[in-house]
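Structure assessment
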Amino acid sequence: MDMSIPLAEQQNLALLRSKTKTVDTSARVMKDLSPRVIPPNLDEMGQNAEGNSPIGDLDLLDRLGLAKIRLPAVDAGVLTSQELLRMVPIQIWEGEVLGVDQDAGMMQVLLSAKMGEVPDHTAEISLEWVVEQDKDLVSPGSVFYWTLYKEIKRGSIINSQELRFRRLPSWSKNQIERVHRAAEQLFARINKKP
Amino acid sequence: MSDYGAGPASNQVEFTLFGPGYGEAIAVHLGDGCWILVDSCIHPNNKQPASLHYLQQIGVQAAGVKIIVASHWHDDHVRGLSKLAGAFPSAKFILSGVFNNKEALTFLCAYGSIIAKAQTRGTKELFEFVSKAGEEEKLEFAYGGKILFEETVQARKMTVIAFSPTTKAQAKSLSRMATFIPKAEGLPITHVPELEPNLEAVVLHIDFGDDALLLGSDLEDHGDLGWAEILNDNICTGRRKATSYKVAHHGSKTGHAAGIWLTLLTALPIASLTPFNRGSSHLPTDKDKQRIKETVSAAYLTSGASKKPAIPNEQLKRMLAIGKNIVKVNSGFGAVRFRKELGAPAWDVELFGDALKI
């Protein structure tokens, strides 16, 4: 047992790994989508102590305004930082959940590409592909990122993808008050007697 | 697609419906260069509001637009609306009466860019539209039975009247909006889900003096609300029957009521509609098309182009490993135009872009 990973996380991972599916193939390597843990030397945002992240093309992510999204995490002790440098996003879809059909185990989503001139698409995604720690976030209106990326690992090109939900900011008391004030003002302006 | 040809003559009335796979806009010419606009969508090529682009192409003066109606707040009907309002500063803005209420405005403010900047859809456009109109004191609200425009054009009295929303429908819509108004801190700021069924939409009846148009917006029929209320209202049923119908709610079954065709329209009218491709909803379905075809002389859809994904094959193959039914939201773009001289019995029909006859 790896003592650097909290017990609850390890139990979660064990459960999810038992559901591991092969979802993507390249000519040479098959890759699964099982959730992976963050290396001990990186924080939750995938950054090291200096605030740098070795994962993916961060300049590109910055330009896309996605620096704050949780980046693909990797197996502790498996990949070195140099190998991580070779993970390159091919497309990042920002998704919005339009509807959830719990009976069918599906969510209907709207997908907007963050790279290139690609039109919006809609799709249906099985809820089984949502990692356990994100399941509470799945509801109409919630936002996720579907990242397709490739990594070059020990000379092999591995195509992979990841679906992660964004933890949206929450309403504060101050914001709620501002909304009510703005509505009062708008109502007064609209109904102003000449 | 920009070759719309010449604009209508002074003695011609015209109805033009624009639509990509997700979006709807309408321009109506009442004669003598007098226009009304209903809703807004974006032209996918030039990113302009479709009706603004159209009016510019055919050389309409800004002062010619008399009223701009936002029939309801859904994203597919309001994209570009604030820009449209800016382009026609002398126009009066009309909004569903449901928003003449503090709770509805709180809903609009909550999801209309004050706080939830990244998580807004139609609410943001509508918030800007309402704020601008409110400042300029030219906002009016539409209720069932309210006359929105009345003027003599070409010696004929032209009347635009709202058939909805009714008082009961507004109350129902408000109660649903209220559930999404943030009340407690700590809850996530999400996109606002679309509220269904659509009961707050503004249905318009346009009387040309000897003929009429019925614009069904996205109104649905829901128990004794929606179309059922209109069909039980003498103010609506006593109006001139329309020879042309913009089919409600993208031709869906929920937007259908037999009484519309029996009471509000002449026998075998011509019809037009926009598609709706989003999520698991793809309207009109084949059954919807069949139902519509049985009641009209002809029906036209603004866009019937392929919904095939526009994603590189290799990426699509990978995406299909965990997703299905991946389709393009905007399946092309097109416009359907009905035009005739005042007093003429039949409409001339022209199709542009990806528009087609059903």
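Residues numbered from 1 in each chain as written. Chains lettered and ligands numbered in written order. Predicted model: local features only at pLDDT ≥ 70, side-chain atom pairs only at ≥ 80, totals over all residues.

What follows covers the overall build of chain A. Along the backbone of chain A there are four helices and seven strands. Written out in order from the N terminus, the α and β elements of chain A read α-β-β-α-α-β-β-β-β-β-α. For chain A, buried positions account for 29% of its 194 residues. Taking the intrachain contacts of chain A between residues at least 6 apart in sequence as the baseline, contacts between residues at least 24 apart amount to 54%. (Helix = DSSP H or I, 4+ residues; strand = E, 2+ residues; numbered from the N terminus. Buried ≥ 20, exposed ≤ 12 C-beta atoms within 10 Å, placed from the backbone. Contact = placed C-beta atoms within 7 Å.)

Right, let's talk about unusual backbone geometry for a bit. All names here are of chain B. Note the cis peptide between Ser164 and Pro165, where omega equals 5°. Summarising the element assignment, Pro165 is placed in the loop between β8 (156-162) and α6 (167-178). That bond from Leu283 to Pro284 is cis: its omega, -5°, falls within 30 degrees of zero. Summarising the element assignment, Pro284 is placed in the loop between β16 (281-283) and α10 (286-293). Unusually for a residue other than glycine, Asp32 sits at a positive phi of about 55°. On the secondary structure map, Asp32 appears in the loop between β2 (25-31) and β3 (34-38). Despite not being glycine, Lys47 shows a phi value in the positive range, around 60°. In this structure, Lys47 sits in the loop between β3 and α1 (50-57).

The next subject is the packing of helix α4 (residues 102-111) of chain B against α6(B). Residues and elements named next belong to chain B. At a minimum axis distance of 9 Å, the contact between α4 and α6 shows a crossing angle of 45°. Our classification of the angle between α4 and α6 gives oblique. The two elements α4 and α6 meet at a crossing, and its hand is left-handed. In this structure, α4 uses Glu103, Ala104 and Phe107 to contact α6, whose residues at the interface are Leu174, Met177 and Ala178. Classifying every residue of the contact of α4 with α6 gives five nonpolar, no polar and one charged. (Axes fitted to C-alpha atoms, helices over the stretch in contact; angles between N-to-C directions. Parallel < 35°, antiparallel > 145°, perpendicular 65-115°, else oblique. Left-handed = near helix turned anticlockwise from the far one by under 90°. Nonpolar A, V, L, I, M, F, W, Y, C, P; charged D, E, K, R; others polar.)

What follows covers the sheet that holds β8(B). Sheet strands associate in pairs through backbone hydrogen bonding, adopting either a parallel or an antiparallel arrangement. All names here are of chain B. Taken together, the eight strands give an open sheet; going across it, the order is β7-β8-β9-β10-β13-β14-β17-β21, and neighbouring strands pair in mixed fashion. The open sheet has two free edges, formed respectively by β7 (147-153) and β21 (356-357), since each of these has just one partner strand. Here β7 runs beside β8; their pairing, made up of six bridges, is antiparallel. Counterpart to Val153 in the pairing with β8 is Arg156. (Pairing = 2+ DSSP bridges.)

Take the interface of chain B and chain A next. Contacts between the two partners involve 43 residues from chain B and, on the opposite side, 44 residues from chain A. Taken together, the elements giving at least two residues each to the side of chain B that touches chain A come down to α4, α5 (122-135), β15 (276-278), α11 (313-319) and β18 (323-328) of chain B. Its residues assigned to classes, the side of chain B that touches chain A shows 21 nonpolar, 14 polar and eight charged. With four bridges joining them, strand β5 (residues 121-126) of chain A and β18(B) adopt antiparallel strand pairing. Paired with Thr122(A) across the strands is Val327(B), a residue of β18(B).

Attention now moves to the nonpolar core. Formed by 103 residues in total, the largest nonpolar core has its most connected members in Ile68(B), Val69(B), Leu108(B) and Val130(B). The element that contributes the greatest number of residues to this core is α4(B), accounting for seven residues. Setting aside anything within four residues of it in sequence, one finds Val130(B) in contact with Leu186(A), Leu95(B), Phe99(B), Leu108(B) and Leu139(B). Core analysis: the next-biggest nonpolar cluster, separate from the first, contains 14 residues, Ile92(A), Leu98(A), Ala123(A) and Phe144(A) among them. (Core = buried A, V, L, I, M, F, W, Y, C linked by C-beta atoms within 7 Å.)

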